[in-house]
Amino acid sequence: MTATTIAPRRRGALTKRVFGKKAVLPWLFLAPGLLLALVFKFLPMGKGIWLSFFDVRPFLGDQWVGLDNYTRVLTDHRFQDAVGHTLLLGIGQSLGAIVVGFFLALLLEGQARSLKIMRTAVFLPVVTATAVVGELWRLMYYPTSDGLVNSALGFLGLGPTPFLDNPDTALWATMVMGIWMVAPYNMVIILAGLAGVDRTLYEAAAMDGVSLWQRLRHVTLPAIRPAIGIVLTLAAIRGLRVFTEVYVLTGGGPAGSTEVWMTRAYTLGFTRNDIGGASAASVVLLAVTLLLTVTVNHFRKRGDVR
Amino acid sequence: MSAPALDPVRTPSSDEAVASSGRAGKRARTTPARFDTALGWNDRPGVSWALRILLCATALGIFAAPFLTIVSGALSTHPSGSSLSFLPHDSTLLNFRVAGERGIWDYFTNSLVIAGGGLLLQLVVCVLAAYALARHRFRGQAIVMTLFMLTMMLPEEVIAIPLSLVLGHVPVVGIDLKGTVWGVILPLGAWGFSVMLLTEFMKDIPGEIEEAARLDGVGELRMLWQVVLPLCRPALGVAGVLGFIMIWDQYLLPLIAAKDPTDYTVTVALSILRTDPEVGSGVVLAGAVIALLPSLVVYLLLQRSLVTGIAAGATKG
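What counts, and at which threshold
- Every residue gets a number counted from 1 within its own chain, in the order that chain's sequence is written.
- Each chain gets a letter, beginning with A, and each ligand a number, beginning with 1, in the order they are written.
- Note on the predicted model: pLDDT of at least 70 is required for a residue's local features to be given, and 80 or more for side-chain atom pairs to be given and counted; whole-chain, interface and lining totals, by contrast, use all residues.
- Side-chain measures were taken over the full set of non-hydrogen atoms in the model, leaving aside hydrogen atoms and water.
- Put simply, DSSP H or I for four residues or longer makes a helix, DSSP E for two residues or longer makes a strand, and each gets a number counted from the N terminus.
- For the radius of gyration, the atoms used are the C-alpha atoms, and the globule rule reads 2.2 Å times the number of residues raised to 0.38.
- Contact criterion: two residues are considered in contact whenever any of their non-hydrogen atoms come within 4.5 Å of each other.
- This count recognises Lys and Arg as positive and Asp and Glu as negative, with His and chain-terminal groups excluded.
- Each charge is placed at NZ for Lys, CZ for Arg, CG for Asp and CD for Glu.
- Here, the term nonpolar core denotes a set of buried Ala, Val, Leu, Ile, Met, Phe, Trp, Tyr and Cys residues that are joined through side-chain atoms within 4.5 Å.
- Buried, partly exposed and exposed residues are distinguished by accessible area as a fraction of the type maximum, computed with a 1.4 Å probe on protein chains only: under 20%, between the cut-offs, and over 50%, respectively.
- To estimate how far a helix should reach, multiply one less than its number of residues by 1.5 Å.
- Under this definition, polar contacts are N or O atom pairs within 3.5 Å; protein pairs additionally need one hydrogen-donor-capable and one acceptor-capable atom, and for neighbouring residues in sequence, both atoms have to be side-chain atoms.
- Lines are fitted to the C-alpha atoms to define the axes, a helix being fitted only along its stretch in contact, and any angle between axes, read from their N-to-C directions, falls within 0 to 180 degrees.
- Note that the term roughly parallel is reserved for angles under 35 degrees, roughly antiparallel for angles over 145, roughly perpendicular for angles of 65 to 115, and oblique for everything else.
- Throughout this entry, Asp, Glu, Lys and Arg are counted as charged residues, while Ala, Val, Leu, Ile, Met, Phe, Trp, Tyr, Cys and Pro are counted as nonpolar. The remaining residues, Gly among them, count as polar.
- For any pair of parts, buried area is found by adding up, for both, the accessible area (1.4 Å probe) each one loses once the two are put together.
- Basic side-chain nitrogens of Lys or Arg form a salt bridge, by our definition, when they fall within 4 Å of a carboxyl oxygen of Asp or Glu.

Enquirer: Could you clarify how one ought to interpret the overall build of chain A in this entry?
Expert: A tally of regular secondary structure across chain A gives 15 helices and 2 strands. Taking 2.2 N^0.38 as the reference for a compact globule, 306 residues should give roughly 19 Å; the C-alpha atoms of chain A span a radius of gyration of 26 Å, well beyond that estimate. Projected onto the principal axes, the alpha-carbon positions of chain A cover approximately 80 × 60 × 30 Å. A separation of at least 24 residues holds for 64% of the contacts in chain A among residues at least 6 apart in sequence. When the 28 positive and 17 negative side-chain charges of chain A are each reduced to one mean point, those points stand 19 Å apart.

Enquirer: Help me understand the nonpolar core in this model?
Expert: The tendency in soluble globular proteins is for nonpolar side chains to be buried side by side. Ranked by internal contacts, the top residues of the largest apolar core, which has 173 residues, are Leu30 and Trp137 of chain A together with Phe148, Met202, Leu224 and Leu306 of chain B. A total of 16 residues in this core trace back to one element, the largest contributor, which is helix H7 (residues 104-135) of chain B. Apart from residues no more than four positions distant in its own chain, Trp137 of chain A is found in contact with Val176, Met177, Trp180 and Leu249 of chain A. By size, the runner-up hydrophobic cluster in this structure holds 7 residues, among which are Leu89, Met175, Val242 and Val246 of chain A.

Enquirer: Mind showing me how you'd approach helix H8 (residues 130-140) of chain A here?
Expert: Residues lying three or four places apart along an α-helix face the same way, a consequence of the helix completing one turn every 3.6 residues. Taken across its 11 residues, H8 of chain A has 10 buried, putting it largely inside the fold. Taken together, the buried positions of H8 of chain A are Thr130, Ala131, Val132, Val133, Gly134, Glu135, Leu136, Trp137, Leu139 and Met140 of chain A.

Enquirer: Please explain helix H14 (residues 233-248) of chain B as it appears in this structure.
Expert: Counted at 1.5 Å a residue, the expected span for H14 of chain B with its 16 residues is 22 Å, and the 22 Å between its end C-alpha atoms agrees. Where H14 of chain B is concerned, the buried positions are Ala235, Val238, Ala239, Gly240, Val241, Leu242, Gly243, Phe244, Ile245, Ile247 and Trp248 of chain B.

Enquirer: Honestly, the side chain of Thr263 of chain A in this entry has me stumped. Any pointers?
Expert: All names here are of chain A. Secondary-structure assignment places Thr263 in helix H14 (residues 261-271). Owing to a relative accessible area of 2%, Thr263 belongs among the buried residues under this scheme. Only 2.9 Å separates the side chain of Thr263 from the side chain of Glu259, close enough to count as a polar contact. Not counting residues up to four positions away in its chain, the partners in contact with Thr263 are Phe243, Val246 and Tyr247.

Enquirer: Please clarify how the packing of helix H4 (residues 47-63) of chain B against helix H5 (residues 65-75) of chain B should be interpreted in this entry.
Expert: Angle between the axes and distance between the axes: these two values describe a pair of packed helices. All names here are of chain B. Running from N to C, H4 and H5 cross one another at 40°; their axes reach a closest spacing of 4 Å. Between H4 and H5, the interaxial angle falls into the category oblique. Contacts from Leu60, Gly61, Ile62 and Phe63 in H4 reach Ala65, Pro66 and Phe67 in H5. Classifying every residue of the contact of H4 with H5 gives 6 nonpolar, 1 polar and no charged.

Enquirer: So what exactly am I meant to see when it comes to the interface of chain B and chain A here?
Expert: Think of interface size as the accessible area that goes away when the parts come together; that is how it is often given. On the chain A side, the residues contacting the 94 residues of chain B number 93 residues. Contact between chain B and chain A buries roughly 8500 Å² in total, counting both sides, with carbon and sulfur atoms accounting for 76%. The interface formed by chain B and chain A contains 2 salt bridges. One salt bridge in this structure joins Arg274 of chain B and Glu135 of chain A, with 2.8 Å as the shortest N-O distance. On inspection of chain B and its partner chain A, the count reaches 11 residue pairs in polar contact (both at pLDDT 80 or more). Top contributing element to the side of chain B that touches chain A by residue count: helix H17 (residues 281-301) of chain B, with 10 residues. Its residues placed into classes, the side of chain B that touches chain A shows 66 nonpolar, 16 polar and 12 charged.

Structure follows, in structure tokens:
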């Protein structure tokens, strides 16, 4: 290790350190990745930030408008509604998927072969492409009484509900689909956490004659808290940028009742050709996502130290 | 882990402690499975056993059975797919034929080319970057690592609009990637997750192996290809499975990179089938089955890698 740091200094010449074979080599290996990231990730990001300050007019030339796009987007009541829907969907979906994932993990924990097969089957929604899941649920939510979910409700004596066509239920229906898609993913992470729980603690608790609830509350939950922290973070960030699910399932309708931040930005940019406004909306979302990621990482690092 | 072996005095004494507390005796009487799970599920027939079977059946019904409805709906002749069931009333391949006439196999081919090419490019690019990050020390290493991490935090949804402008006119070279598979493949090339995963894995390869190869006069590319890569097979499996599922799940990128609907991937094309007034939902479901199959096959063949990858992603990301 010391040899590599000392050697170039002994050779002395700055040119050798910068252009020598040893110094250039890593960059040759990094070049394809950095180039692709630069052109298709960072350049669009920069361009998006730049365009958010302009009134973009394809053939007339762009016009600097300062923060106008931001004020327009942030005061637009459809965007304000979309923020509410995004938050409700993100929080509801994250919490629901964690609770369901936790119960799935508790249910399917174990070494038996049959349990492994069960876990494989239950995990299917995660590997299925979001667009396919959307089409599946559109049909499951079929509004007449012979739709799959409605006929199941019929067994319980409940009348058919037009889930996706009713502004009052569409957002909740979307949330249920989201929970269905994400819960098995959480299950895998929580199962990994459960596998790390010291078995002797369970035995000791059983010796002391504590109830099942106390055992879960005082032994299991503390042990899997790190896993839950990770799951919550991932879910919160995913919740903010939700697009495909909503776009495929409802397209934001009916009457804008499932419009989320990204479907609104998409409509603004691609259907209404308001590139400046859509860019401003994206930048706001990007800022919130980065802020959330950094904050959560900060707290997670602090938690690790403790 | 090696502590008991290094300290022979401690091992018998701790065994003694367990034995004297009476816990070991009790453990021998009950089945070991009793304390294997958080809920203490019991393997012997009884109330808890019946409850577990019932709950498992419910979970299967909710999470797995809907996939049976896709298949049975696709095989059913029922003109309106409103009545989905778990088993087809009558089976026919008519829906697949109609979907074929609507060009589903062309969309499927688009998807395969994009998934194959995208995954190949992604693996090559990420392996090269990871090799430099793991096996070399150079100035700016931390910055490069951060840049690759940032690519994970930059969701394609957020950069969709400017990305579509960049795809229409790539700076410097000035070519239009829209309507070509490159428009979808190239943005998938640098994937921070794979870079991170492979870097961590390559760091654990002992330096002695590399030094021995260097003494034999092995160059950098042969070192990567013949020494490092064969040792990375597990990590490559994880990166491959997760990469494939990630690429197959892409929706927005193929949508904005397409010039007209014939460029769509099969997942995006499902919306075309759905909005076609002349086809019933049986045909949409036939399309869904076709769109579902590749990721299903990859998952069933390589599920162990997938679960490892999710655990790794959870602890690193």
